[in-house]
Number of protein chains: 2
Amino acid sequence: MCKPFMVGDQQVGWVWPGVEKHIQRFPDVFMVEDKQVSLCPSLQMYEERTARVQEVMVKLREEGEFIALKGWRDEMYEVFHQRSSPPVFRMERTATALLGVKQYGVHVNGYVEHPQKGPLMWIGRRAKNKSTYPGKLDQVTAGGFTAGLTAQEVLVKECAEEANIPQDIALTAQPAGAISYFYEDERGLFPEIQFVFDLKLPLDFQPVNTDGEVSEFYLWDMDKVKEQIAQPDFKPNCAMVVLDFLIRHGHIHPDQEPRYLQFLENLHKTLF
Amino acid sequence: MCKPFMVGDQQVGWVWPGVEKHIQRFPDVFMVEDKQVSLCPSLQMYEERTARVQEVMVKLREEGEFIALKGWRDEMYEVFHQRSSPPVFRMERTATALLGVKQYGVHVNGYVEHPQKGPLMWIGRRAKNKSTYPGKLDQVTAGGFTAGLTAQEVLVKECAEEANIPQDIALTAQPAGAISYFYEDERGLFPEIQFVFDLKLPLDFQPVNTDGEVSEFYLWDMDKVKEQIAQPDFKPNCAMVVLDFLIRHGHIHPDQEPRYLQFLENLHKTLF
């Protein structure tokens, strides 16, 4: 069973048993109790918490036990209770999986309204050399938050890098909600929230990848999109973002889809 | 603390303590345990369960203890684990609040796209003599499921009765998801799921109430709508349906609304 990971009285993550037994060796940083794991209450300041957690993670990395820590990126990630509250400390991005820290991102549904064919959606295929989900189908563009950027700034940046979408077009993207879900893999636990935007692209626009992260783009009708998101070829969270689009835009009908409410429940998990 | 109400291994409701102490007087119908309340496993058949639960409810009604039972409607409501599974028994609609049975409905956002003023939404005011939420602001039309009808059939029926929307227009409504939430009042506990439809109405269309349930209709711009849903004058679940519309259509921006994710979480509660 995972235990809530607390900073003061606020939950900021989930600790799974395989991690718990390692971090309890550092009782001046992590306090492991019956029902929760806390950052030691003696660590009151943002910079002190950051430094002490980092020491533990560097040590665990040296010991080589955790796959997540082999992907060390030297990129710091802010840890929040909620995005609207101040961060409580920051930590190496790849180590967040060990503490089940909530991750935020921005996903963009790029679509066109074709006068004859109806709505079509741009789908990207991830480059074969990407470290996560190589070769899988993906949104036209998506990205994680970089400290200090707004959702709109992340969107404009990723639109430019991943699909060469100019800023004036990117800024027409409409926010349309968010999805939230848990997943786990060999690296750890990922409670994630993705802010979702719908971007209507001009009919003659052709996305072009500029950062080497996408190998190809396809323009598919909704039947093809529906068929593909049910296949393992699709990156799972991107398939969820597309499913949310299909539901919001009336391409799935509650009277025809027995799993309609189940889909919605899975798109909106309560993380903590 | 509420306990799950089970039929076999499927949860179909929630029983609150004030109800528990009454129904445990009927041990051949309800089995009250530490962590749950079950329908007696000896009751295996739909008709037998229906008859035995009805006997208990009639008895409780005679005793006059529960406000909910004073509103007895002689209208039977199907009890499901999920809407996609077969019903497990049926019971008097107003008694469902005692067993916290999930209720389903269909809510319609009626809007127009005005060439100068932008999007406008039709808002109804409930008649002063309605038994629930008299005089409160409401969707253009909404209604609960009647046994055997699809969401689309409920929608067409309510569009005609509450707003005189002809069937050919009602059928253009787009399904756009569902919201789920709990509320409680003096009658009991209500876990509810509302299927949400967006209906773009012609510019010159004027809704007219035909069943006496709506006293007036207003056509408001999105700023006015936003302002009003935060007021106690709005029926709470209708305000949630409108909030969902505002989020889905980009009228609320995650960078400008600190409660954005909190709103989404509250629109999508896991009921059971």
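Calculation rules
Residues numbered from 1 in each chain as written. Chains lettered and ligands numbered in written order. Predicted model: local features only at pLDDT ≥ 70, side-chain atom pairs only at ≥ 80, totals over all residues. Heavy atoms only, no water. UniProt positions renumbered as here; feature names shortened; annotations may be inferred. Helix = DSSP H or I, 4+ residues; strand = E, 2+ residues; numbered from the N terminus. Least-squares fit on C-alpha atoms with pLDDT ≥ 70 in both. Contact = heavy atoms within 4.5 Å. Polar contact = N/O pair within 3.5 Å; in protein donor to acceptor, adjacent residues only side chain to side chain. Expected span 1.5 Å × (residues − 1). Buried < 20%, exposed > 50% of the residue type's maximum accessible area, 1.4 Å probe, protein only. Arc of directions from axis to C-beta. Pairing = 2+ DSSP bridges. Axes fitted to C-alpha atoms, helices over the stretch in contact; angles between N-to-C directions. Parallel < 35°, antiparallel > 145°, perpendicular 65-115°, else oblique. Left-handed = near helix turned anticlockwise from the far one by under 90°. Nonpolar A, V, L, I, M, F, W, Y, C, P; charged D, E, K, R; others polar.

Engineer: Looking at this structure, how should I read the UniProt feature "domain: Nudix hydrolase" (unreviewed entry) in chain A?
Structural biologist: Mapped onto this numbering, the UniProt entry gives "domain: Nudix hydrolase" (unreviewed entry) at residues 103-244 of chain A. In residues 103-244 of chain A, the share of helix is 24% and the share of strand is 42%. The end C-alpha atoms are 19 Å apart.

Engineer: Would you mind going over the relation of the copies chain A and chain B with me for this structure?
Structural biologist: In this arrangement, two copies of a chain are superimposed by a rotation about an axis accompanied by a shift along the axis. Structural alignment of chain A on chain B gives an RMSD of 0.0 Å, achieved by rotating through 180° and translating 0.0 Å along the axis. Overall, the copies show the geometry of a two-fold rotation axis. Taking the C-alpha atom as reference, chain A places H268(A) closest to the rotation axis, 3.1 Å from it. Interface overlap between copies is the fraction of interface residues in one copy that are interface residues in the other; for chain A against chain B it reaches 100%, indicating a shared surface.

Engineer: Mind showing me how you'd approach the side chain of H81(B) here?
Structural biologist: Residue and element names in this part refer to chain B. With respect to the helices and strands, H81 occurs in the loop between β5 (76-79) and β6 (89-92). Engagement of the side chain of H81 in a polar contact is seen with the backbone oxygen of Q11, the distance being 2.8 Å. Discounting chain neighbours no more than four positions away, the residues touching H81 are Q10, Q11, V12, K102, Y104 and F272.

Engineer: Which parts of the structure should I look at to understand helix α2 (residues 46-63) of chain A?
Structural biologist: Working note: α-helix, 3.6 residues per turn, so residues spaced by three or four point in the same direction. Residue and element names in this part refer to chain A. With 18 residues, α2 ought to run about 26 Å at 1.5 Å a step, and its terminal C-alpha atoms sit 26 Å apart, in line with that. For α2, the set of buried residues is R49, T50, V53, V56, M57 and L60. The arc that holds every buried residue of α2, seen down its axis, measures 135°, which confines them to one face. The positive-phi residue at the C-terminal boundary of α2 is G64, with phi of around 70°.

Engineer: Help me understand the sheet that holds strand β3 (residues 30-32) of chain A, please; the structure alone is not making it clear to me.
Structural biologist: Remark on secondary structure: sheet strands pair via backbone hydrogen bonds, oriented parallel or antiparallel. Residue and element names in this part refer to chain A. Pairing in this open sheet of four strands is mixed, and the strands run β2-β1-β4-β3 from one edge to the other. Bordering the open sheet on either side are β2 (10-15) and β3, each of which pairs with just one other strand. Geometrically, the sheet is characterised by an average inter-axis angle of 25° between neighbouring strands, direction not taken into account. The sheet contact formed by strand β1 (residues 3-7) and strand β4 (residues 37-39) spans two bridges and is parallel. In the sheet register, M6 faces β4, and the bridge partner there is S38. Packing of α2 onto the sheet brings it into contact with β1, β3 and β4, and relative to β3 it is tilted by some 70°.

Engineer: What am I meant to see in the packing of helix α7 (residues 236-248) of chain B against helix α8 (residues 260-267) of chain B here?
Structural biologist: Axes are the key here: two packed helices are described by the angle between their axes and the distance separating the axes. Residues and elements named next belong to chain B. Running from N to C, α7 and α8 point in directions that differ by 130°, and their axes come no closer than 11 Å. The orientation of α7 relative to α8 falls into the category oblique. In the crossing of α7 with α8, the sense of the turn from one axis to the other is left-handed. Contacts between α7 and α8 pair M240, L243, D244 and I247 from the former with Y260, F263, L264, N266 and L267 from the latter. For the contact of α7 with α8, the per-class residue count stands at seven nonpolar, one polar and one charged.

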